[in-house]
Amino acid sequence: MSRALPKYNKRRVVVIGAAAALALSGAVVVNSALAGESSKSSGSTNAKTLASPGTISCPDVASQLPAIPASAQAEVDRNLALLQTQIAEANKRLVDTVGQGGANFVQNAILGPLEGKRVSTIDRIAISIGRQGTKPQGLDALAPCALDAGGVADTGEDAGDDAAAGDEAEATPGAEETAAEGADGGAAETGDDTGADAAGVGTISCPDVASQLPEIPATAQAEVDRNLALLQTQIDEANTRLQNTVGQGGANFVQNAILGPLADKRVSTIDRIAISIGRKGTKPQGLDALATCTLNK
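For clarity, every value in this text was computed on a predicted model and none was experimentally measured.

Participant: Provide a residue-level description of the overall build of the protein chain, including the pertinent values.
Facilitator: The helix and strand inventory of the protein chain stands at 5 helices and 5 strands. Its helices and strands in sequence order give the protein chain the pattern α-β-α-α-β-β-β-α-α-β, from N to C terminus. Out of the 297 residues belonging to the protein chain, those deemed buried represent 36%. Within the protein chain, contacts between residues at least 6 apart in sequence are counted, and of these 80% link residues at least 24 apart.

Participant: Before we move on, can you summarise the state of the cysteines with the specific residues and values?
Facilitator: One pass over the full model with this rule turns up 2 disulfides. The disulfide that involves Cys 58 links it to Cys 145, with 2.1 Å between the sulfurs. Across the S-S bond of Cys 58 and Cys 145 the torsion is about 110°, and the bridge reads as right-handed. Of this pair, Cys 58 sits in the loop between strand 1 (55-57) and helix 2 (73-96) while Cys 145 sits in the loop between helix 3 (105-130) and strand 2 (146-148), and the two are 87 residues apart along the sequence. Exposure class is identical for Cys 58 and Cys 145. Each is buried. The partner cysteine of Cys 206 in its disulfide is Cys 293, sulfur to sulfur 2.0 Å. Around the S-S axis, the bridge from Cys 206 to Cys 293 shows a dihedral of about 110° and counts as right-handed.

Participant: Any chance you could break down the nonpolar core for me, citing the residues and the numbers?
Facilitator: Within the largest apolar cluster, 23 residues are counted, with the highest numbers of intra-cluster contacts made by Ile 56, Ile 110 and Ile 204. Those elements that provide at least two residues to this core are helix 2, helix 3, strand 4 (203-206), helix 4 (221-244) and helix 5 (253-278).

Participant: Please provide a residue-by-residue account of the pattern of salt bridges, values included.
Facilitator: If you walk through the whole model with that rule in mind, you get 4 salt bridges. As a salt-bridge pair, Asp 123 and Arg 272 come within 2.6 Å of each other at their nearest N and O atoms. Of this pair, Asp 123 sits in helix 3 while Arg 272 sits in helix 5; the two residues are 149 residues apart in sequence, bridging distant segments of the chain. The class of Asp 123 is buried, set by a relative accessible area of 9%.

Participant: Just give me the short version of the packing of helix 3 against helix 5, but keep the residues and values in it.
Facilitator: In contact at an axis separation of 9 Å, helix 3 and helix 5 are set at 15° when each is read in the N-to-C sense. On the basis of their axis angle, the class for helix 3 and helix 5 is roughly parallel. At the point where helix 3 passes helix 5, the crossing takes the left-handed sense. Listed contacts from helix 5 to Phe 105, Asn 108, Ala 109, Pro 113, Gly 116, Lys 117, Ser 120, Asp 123, Arg 124 and Ile 127 of helix 3 are Phe 253, Asn 256, Ala 257, Pro 261, Asp 264, Lys 265, Val 267, Ser 268, Asp 271, Arg 272 and Ile 275. For the contact of helix 3 with helix 5, the per-class residue count stands at 9 nonpolar, 5 polar and 7 charged.

Cut-offs and rules
- Residues numbered from 1 in each chain as written.
- Predicted model: local features only at pLDDT ≥ 70, side-chain atom pairs only at ≥ 80, totals over all residues.
- Heavy atoms only, no water.
- Helix = DSSP H or I, 4+ residues; strand = E, 2+ residues; numbered from the N terminus.
- Buried < 20%, exposed > 50% of the residue type's maximum accessible area, 1.4 Å probe, protein only.
- Contact = heavy atoms within 4.5 Å.
- Disulfide = S-S within 2.5 Å.
- Core = buried A, V, L, I, M, F, W, Y, C linked by side-chain atoms within 4.5 Å.
- Salt bridge = Lys/Arg side-chain N within 4 Å of Asp/Glu carboxyl O.
- Axes fitted to C-alpha atoms, helices over the stretch in contact; angles between N-to-C directions.
- Parallel < 35°, antiparallel > 145°, perpendicular 65-115°, else oblique.
- Left-handed = near helix turned anticlockwise from the far one by under 90°.
- Nonpolar A, V, L, I, M, F, W, Y, C, P; charged D, E, K, R; others polar.

Rendered as structure tokens:
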């Protein structure tokens, strides 16, 4: 009996030692897995930090306006709010499209279209003030925005914090911002020979405006002609841009970077035509439906 005890103790020691070794191996495996997961998490965080696209900064418009007539205040406020919405949407798109396109993607697909929208909105502000007072001049200089790649910028319109909010649907302040699709009447306006069609990218076609105008007062003829010529220039420029940006951006690049901004410019120009006719006659209604253009391939 006394001889059996040492053998028993030996077996117990061996079993205990094996269990301890197994537990130690498990701890090593668990710690290695946790370390790997921590490394992945850290790498993901670093990647997100490196991919930070910055924010878009735009000049403040409200502070540059003259005294606003009471009758124009509501329309001015509505368009100032729209400027904020436009910046918020541009910042959201900046975040959503990180890594897309080439070196000029942000300029062509985000900053350029944003400037086009701001030109139209700022012009409406100036026109609304000018109806009952002196129309402010030079506000278009406030339209271009810039990208602060450092990620910290005063957006001017306090919209940077809203960069990730909402979908990409644009707020519509009223009939002036609406452009109905498929407007009937008149032959479509197309750009002059820009070479875009020859490059296989198609051409931009827009509803004809001149054929839809009522009788034009003699005093308004020069201004109407000037803005009709501007409509043609806008189409030519859009067709040139269409050709120069072949292969850039994603599936919606042409709509977001070319057709959308073109529609905004046409809304503003067509509105000026209607206002000039209305000063000495009846202001034509519904011309904004002619603003939307299409790509013909």
